[in-house]
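Below, each chain spelled out in residue letters.
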Amino acid sequence: MAAGYSYQPLQDAGSQLRLLWLGRGSHADDQVDVSVRVVNIAEAPKYFAISYTWGDPESERQVRVDGEPMTVRQNCFYALWQAQQRRPCSYVWIDSICINQQDLAEKSCQVQMMGRIYALSTGVLSSLGPHGNDSEYLFAKLHDMMAWKARSEQSPPPPSKWIDEQDEQTEVRLANAMSHLSIKPYFERLWVIQELLLGPTVDILCGPDEVSLEAVDVFDEFTKGKAYIKGGAYAWRIGPVIPFTQLLMRMRAWPDRLRGDDSTWKLKNLLHSCANFGCADARDRVFAMTALVQLPDGALPIVTNYSASDFQMALDTVRHFTSDDRDETSIFYVKRLVRTLSIDLDSRGVLSWIRDSPQSSDQSAAAVMSNPDPRGFLRDKCADSCRLSLGDDGRLTASLSICSYERDRFVNDFPTSFSRDHHPAFQEVTDGNNCVAYVAASARPGDYLVQVLGNGNVNLVVRQYEDRYYEIVGQAIVLTNTDFAAHEPPGKRFRLWTDPEDAVLLSVERPVSTHAAGCLEFHEVAERYATRVTRSPLSSFAVLADD
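Computed from a predicted structure; not experimentally measured.

## Re the confidence of the model for the chain
Taken over all residues, the pLDDT of the chain has a mean of 77, while the share at 70 or more is 71%. This stretch, residues 257-264, has a pLDDT under 50; its non-local contacts, to residues over four places away or in other chains, come to 15 contacts. Below pLDDT 50 for its whole length, residues 360-365 participates in eight contacts with residues either more than four positions away or in separate chains.

Structure, rendered in structure tokens:
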């Protein structure tokens with residue numbers, strides 16, 4: 001922020017917020033002046049929460065806050081200008097000013113409150129920026145459409161009647177305008193999901209004009225499945241194929257699709273569904289979802305903390321994945337989270353955590369394993385397994401089959417100058433003739449090679465500990481397109497019980513460099529798979545499945 005306005009600390013950043021009072025500006029006025037009022041969120045006056053995209057950091061403007069200048073990004077300035085035009089003499093909340101972005105402790109508390117801030121507002125003002133690409137015409141037609149709908153409510157015609165009454169030129173113009181509107185950067189923002197879902201009402205601002213979110217939804221309903229023909233060929237279709245309306249439809253479907261039987265929105269499903277939306281800080285992929293998650297009774301809250309590393313965020317988040325004891329593909333979601341947060345073995349805190357993590361005794365671990373609490377573990381089905389045996393040549397063998405194309409590709413993926421046979425972290429596994437896998441050096445005949453369901457690149461070596469329980473010996477690299485099911489007799493069926501911290505460790509990978517030809521560096525892959533899998537003996541384990 002520029003010199004001029006100076007923040008006064010909030011007495012309680014977890015319950016207070018700053019609101020901005022907007023005066024009455026004229027359309028020609030190119031100034032924004034606001035005054036700050038600090039209130040308790042439970043006692044706040046009526047206010048509007050502004051939803052927008054921060055935009056280019058190099059494009060800046062000045063606003064006046066309590067009479068002092070403050071430099072903000074152009075998009076923030078324009079969103080306040082729009083609010084001043086459409087909601088003069090009212091309070092608004094906008095994150096870049098109402099949160100002291102330089103105070104990480106305050107920022108963490110305020111972001112934790114953002115779901116409540118939007119939910120308790122009078123309404124959300126969704127700023128798309130200035131008009132462009134015929135959006136002014138589109139907004140005018142949306143107003144006409146809503147007026148037509150209101151006139152028709154006594155005897156409602158088919159939804160498609162309004163668009164059927166438009167000539168072909170109008171249809172084309174509307175389709176193009178809505179298409180351009182839908183690809184604005186705003187609709188790629190991750191935070192927009194909670195802002196539009198939690199706001200009691202949503203009005204979309206473009207230039208000096210506005211339409212309700214309902215109008216865009218009605219437009220989708222009225223134009224669904226509509227196409228026009230030009231020159232005897234399909235030329236354009238307006239309706240659910242437009243990305244913006246697809247977004248709205250997905251958002252409406254999420255409550256039914258993601259709620260469990262206990263009406264809980266599953267965190268791991270939300271993170272997976274929203275992985276393609278953008279945010280400036282990778283940790284926001286978790287923070288932007290927390291307001292939408294209903295945690296089970298007794299579960300610790302997901303705390304917003306911008307001082308925590310991405311790796312610590314992953315550890316804290318994965319602990320909440322255990323709340324759904326019916327899911328059996330958890331490692332898939334953990335790996336997706338780790339990739340989304342761009343965590344690898346070089347990330348801050350990873351190696352020190354591996355090195356310094358306390359080691360529990362075999363006795364205490366065995367006690368936990370013999371009577372595990374399902375709420376403390378992630379559970380995954382293991383798709384297939386095969387038993388390791390000792391071949392006539394003294395090498396480990398397994399009943400795996402692989403097509404010749406995949407075998408050749410695997411061999412060519414690693415430098416021939418690297419002696420794989422004598423790497424201290426690995427030993428080769430063959431099908432009797434050719435290499436089909438590499439397993440941890442500690443693997444021995446009688447162990448089982450298991451593949452985690454839905455995660456072809458998560459392969460483990462397990463060894464019987466007692467009765468139905470198997471300890472995890474290490475990891476394995478199995479050739480692509482390897483067929484576990486081709487061998488006789490069929491392998492045992494396992495379920496993997498993973499400590500949340502072990503699940504993160506299992507999902508973290510060493511950054512892999514490439515040759516000019518794109519071949520993987522085998523020693524880097526080997527270094528990753530040589531890393532221990534569990535934080536302590538038997539903290540995670542495999543159990544023979546009953547089915």
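Moving on, there is more to tell.
## Re unusual backbone geometry
Phi is positive for Cys-89, close to 55°, though the residue is something other than glycine. For Cys-89, the location among the structural elements is in the loop between α1 (74-86) and β6 (90-93). Residue classification places Cys-89 among the partly exposed residues on the basis of a relative accessible area of 35%. Even without being glycine, Asp-467 reaches a positive phi, approximately 50°. Structurally, Asp-467 can be placed in the loop between β18 (459-466) and β19 (469-478).

## Side note on the sheet that holds strand β7 (residues 123-127)
Judged by pairing direction, the sheet is mixed, and its nine strands sit side by side in the order β5-β4-β2-β1-β6-β3-β7-β8-β9 without closing on themselves. The sheet is open, and its two edges are formed by β5 (68-73) and β9 (209-212), each paired on a single side. Here the average twist between neighbouring strands, direction ignored, is 40°. Where strand β1 (residues 16-22) and strand β2 (residues 33-40) come together, seven bridges link them in antiparallel fashion. Paired with Leu-17 across the strands is Val-39, a residue of β2. Against the sheet, helix α4 (residues 135-151) contacts β8 (202-206) and β9, and its axis sits at roughly 45° relative to β9. Sheet strands in contact with helix α8 (residues 213-223) are β8 and β9, and its direction is about 65° off that of β9.

## Quick word on the pattern of salt bridges
The full count for this structure, using the stated rule, is 13 salt bridges. We note a salt bridge from Glu-210 to Arg-86, for which the minimum N-O separation is 2.8 Å. Taken together, the residues Glu-210 in strand β9 and Arg-86 in helix α1 connect sequence positions 124 residues apart. Overall, the relative accessible area of 11% leaves Glu-210 in the buried class. Under the relative-accessibility criterion, Arg-86 is labelled partly exposed at 34%.

## Regarding empty space enclosed by the protein
Enumeration over the complete set of coordinates arrives at four cavities of 30 Å³ or more. Put simply, the largest cavity is a space of about 90 Å³. Around the largest cavity, the lining residues are Leu-190, Lys-268, Leu-271, His-272, Cys-274, Ala-275, Arg-285, Phe-321, Tyr-333, Arg-336, Leu-337 and Thr-340. At the level of secondary structure, the elements contributing two or more residues to the lining of the largest cavity comprise α10 (267-273) and α13 (330-340). Per element, the largest residue contribution to the lining of the largest cavity is four residues, and it comes from α13. In terms of residue class, the lining of the largest cavity is built from seven nonpolar, two polar and three charged.

## Overview of the packing of α4 against helix α6 (residues 168-182)
Between α4 and α6, the least distance of the axes is 9 Å, while the angle of their chain directions is 110°. The angle between α4 and α6 falls in the class roughly perpendicular. Crossing of α4 over α6 shows left-handed handedness. Packed against α4, whose contacting residues are Ser-135, Tyr-137, Leu-138, Phe-139 and Lys-141, the element α6 presents Thr-170, Arg-173, Leu-174, Ala-177, Met-178 and Leu-181 at the interface. Split by residue class, the contact of α4 with α6 holds seven nonpolar, two polar and two charged.

About the criteria used
Residues numbered from 1 in each chain as written. Predicted model: local features only at pLDDT ≥ 70, side-chain atom pairs only at ≥ 80, totals over all residues. Heavy atoms only, no water. pLDDT = per-residue confidence, 0-100. Contact = heavy atoms within 4.5 Å. Helix = DSSP H or I, 4+ residues; strand = E, 2+ residues; numbered from the N terminus. Buried < 20%, exposed > 50% of the residue type's maximum accessible area, 1.4 Å probe, protein only. Pairing = 2+ DSSP bridges. Axes fitted to C-alpha atoms, helices over the stretch in contact; angles between N-to-C directions. Salt bridge = Lys/Arg side-chain N within 4 Å of Asp/Glu carboxyl O. 1 Å grid on protein atoms, 1.4 Å probe; cavity = no way out; pocket = protein on both sides within 12 Å on 5 of 7 lines; lining within 4 Å. Points joined across faces, edges and corners; volume = space filled by probe spheres on them. Nonpolar A, V, L, I, M, F, W, Y, C, P; charged D, E, K, R; others polar. Parallel < 35°, antiparallel > 145°, perpendicular 65-115°, else oblique. Left-handed = near helix turned anticlockwise from the far one by under 90°.

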